[in-house]
Structures are given as structure tokens and as C-alpha cells.
Amino acid sequence: MTNNGLRGNYENMSDDFRVAQNYANYTSDHQDVWRRLYQRQLELLPNRASSVFINSLKQLDFANEIPRFDIVNQQLLAATGWELIGVPGLLPDEVFFTHLANRRFPVTIWIREPHEFDYIVEPDLFHDFFGHVPMLFNQHLADYVQAYGLGALKAFKLGGLTYLARLYWYTIEFGLVLEPEGLRAYGAGILSSPGELAHATAPILPASEIATRQWLHFDLVRMMQTRYQIDCFQSTYFAIDSFEQLITETAPDFSLLYKALNKLPVLSPDAHEATDQRL
Ligand code: PHE
Ligand code: CO
């Protein structure tokens, strides 16, 4: 089942790429993969995941079986006005951003196969659901993701999408937050990955590992200059002080910022700049 090189079945969808979850199609193997992935992540969360994520997960009840989108939607709509929609897999940018702008979060309906338990390149149900959905119960994150969708539709017209894609990556996917107890992950790419969860949140490192990643304070321009890697652990992470910071720092009009960025150098994922604000 491939479509333009994308995994997933893109045949029976509506114009906006929605598909039914088709819950009855999940096999006991799929359910088993879900339960084992969930259990493994759950054990890694203490001292690594944001308290917002952990508390949200506690309110939800999806440890034992693949969640049903229609049931979760009743809770999510009441909490923050977001709604999950089933999709076959990755979406064209404009389709994806239009959903976010309307507080609809696309969730891939298929889950990885048992042999992909430890590693999968494309987002599957586990990443999309476990990583993103608990955070969408937080009002600030919920507002930020919608603002991002609206901003991306605007950036699309202004030629700023490359910059905004980096912002998505370094916040929604791989963001960290400084909580009173320490540095914690809120990005879905970290929260859904056993390896990255440890890699991203261990600022006290043995000497042999010191050069493998760095932690910087939230810096809009620095993030938007920095390329990212999709197939290995991140080399640079950015930490916010609070979830409000995401809203306040991204509220200004970015039109001129995109113009300014066109004149600034693009930085490699592991760049070290003299002006960097390290944690
Ligand atoms: N403030 C941005 C603009 O005017 C929009 C935006 C908001 C982008 C939030 C990303 C996140 O273009
Ligand atoms: Co994601």
C-alpha cells in the first residue's frame, strides 16, 4: 500500500484527506504493539517528560487498547476545542496546516508492525497519538498549535515555510521546557521515542557524550536558521521557560522576520554560535 512513496492507503479519503479510523481493522497484534509501546514509554516518563504531559496522560485511559478517536474527541473538544481526525499518513503541507488552523489534529490510523517496534521513520498512530494528543489538552499548547497552523498558511504565501517548518520541529516535535524540577520534554518526537527521551533530557553527561548534543534557550531566529535531521537524534534542543512563552514570542507578525532570515546564514543541526544562549 504505497502512494507517491508514502506509506498508508490514500484511496478512500475525503477531499481534506480524512479517513475513518476503522477500529475493527486493528488486529490483536496491533493492539499488542500499542500496549507494549505505551508501557515502555510510560516507564521512561518520570523526570524526563513535562508534568503537563504526565498529568494529562493520567486523566486519559489509553494504556490498554488503541484509543478510539470518537471517544477521545468528546474529552478533547470539551477541554480545548480540538478534534482528532483520522488520516492515511503524511499530508501535503497546505492540507495539514489548514487542519491545524481549524483545531483539527490529523492522526495516522495505522500502527507500526512488530518488527518496527524500536524504530520507524514516518509518523504512525503511536507517535501521532501518544506524542501529540496529551499536550493538546493543555490550553497554551492547544492555542499555539492552532496559531502555528494559521501562521504556516500565511508563511506559505510569503515564502517563509522553510523557517516555520524548523520552528515546528524545535517546539512541537522536539521542544523542552524548564520546569522547577528540571529540564523536561514536551515535544512529541521526544515523548514517543524511548531513545530520544533519554538523549534529550540528560544535561549532565559523561565526557564522552558532551559533544553529541546541546541545549539552548528558546530563540526564534536561531531555531528558524537551524536545519534539522529527521533520521537521527537531534544535536540541538531548545528549551522554553513556560508554555506561555510559545504564545507571546510567536505573536508578532513574522513578515519582516522572513525577509531578514533570507539574509542570515543557514545553520547546521549541530552548529555552535558565539551568540548562543546555552542552558
Ligand atoms: N506570528 C506569526 C506571523 O505573523 C504566526 C505564527 C504564530 C507562526 C505562531 C508560528 C507560530 O506570521
Ligand atoms: Co509529530
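Now for a quick tour of the structure.

A few points about the coordination of the cobalt ion (ligand 2)
Those donors, His127 (NE2), His132 (NE2) and Glu173 (OE), are the protein atoms that reach the cobalt ion (ligand 2), and they lie 1.9 to 2.1 Å from it. In primary-sequence terms, the residues that donate to the cobalt ion (ligand 2) follow H-x4-H-x40-E. Note that His132 is positioned in helix 5 (residues 125-136) and Glu173 in helix 7 (residues 161-173), a separation of 41 residues in sequence.

Section: the nonpolar core
Residues Leu84, Phe129, Tyr148 and Met224 are the most contacted members of the largest nonpolar core, which totals 81 residues. If you tally residues by element for this core, the top one is helix 7, at eight residues. Excluding anything up to four places from it in sequence, Tyr148 contacts Phe97, Leu100, Leu164, Ala165, Leu167, Tyr168 and Ile172.

Some remarks on the side chain of Ser192
Relative to the assigned elements, Ser192 resides in the loop between helix 8 (188-191) and helix 9 (194-200). Relative accessible area serves as the criterion here: at 9%, Ser192 is assigned to the buried category. In this structure the side chain of Ser192 is engaged in a polar contact, spanning 2.9 Å, whose partner is the side chain of His127. Ser192 has contacts with Gln41, Phe126, His127, Phe130 and Gly131, leaving out every residue within four places of it along the chain.

Some words on the site of ligand 1
For ligand 1, the full set of nearby residues is Tyr144, Ala147, Tyr148, Gly151, Lys154, Leu164, Leu167, Thr250, Ala251, Pro252, Asp253 and Phe254. In the model, an oxygen atom of ligand 1 is placed 2.5 Å from a nitrogen or oxygen of the Lys154 side chain. A distance of 2.6 Å separates a nitrogen atom of ligand 1 from a polar atom in the backbone of Thr250. For ligand 1, whose free accessible area comes to 330 Å², the fraction covered by protein is 92%. If you list the elements that add at least two residues to the shell around ligand 1, you get helix 6 (139-158) and helix 7.

The rules we used
- Residues numbered from 1 in each chain as written.
- Chains lettered and ligands numbered in written order.
- Predicted model: local features only at pLDDT ≥ 70, side-chain atom pairs only at ≥ 80, totals over all residues.
- Heavy atoms only, no water.
- Donors = N, O, S within 2.8 Å, 3.2 Å for Na, K, Ca; no water.
- Helix = DSSP H or I, 4+ residues; strand = E, 2+ residues; numbered from the N terminus.
- Core = buried A, V, L, I, M, F, W, Y, C linked by side-chain atoms within 4.5 Å.
- Buried < 20%, exposed > 50% of the residue type's maximum accessible area, 1.4 Å probe, protein only.
- Contact = heavy atoms within 4.5 Å.
- Polar contact = N/O pair within 3.5 Å; in protein donor to acceptor, adjacent residues only side chain to side chain.
- Near = heavy atom within 4 Å.
- Areas by Shrake-Rupley, 256 points an atom, 1.4 Å probe, with all protein chains shown as cover.

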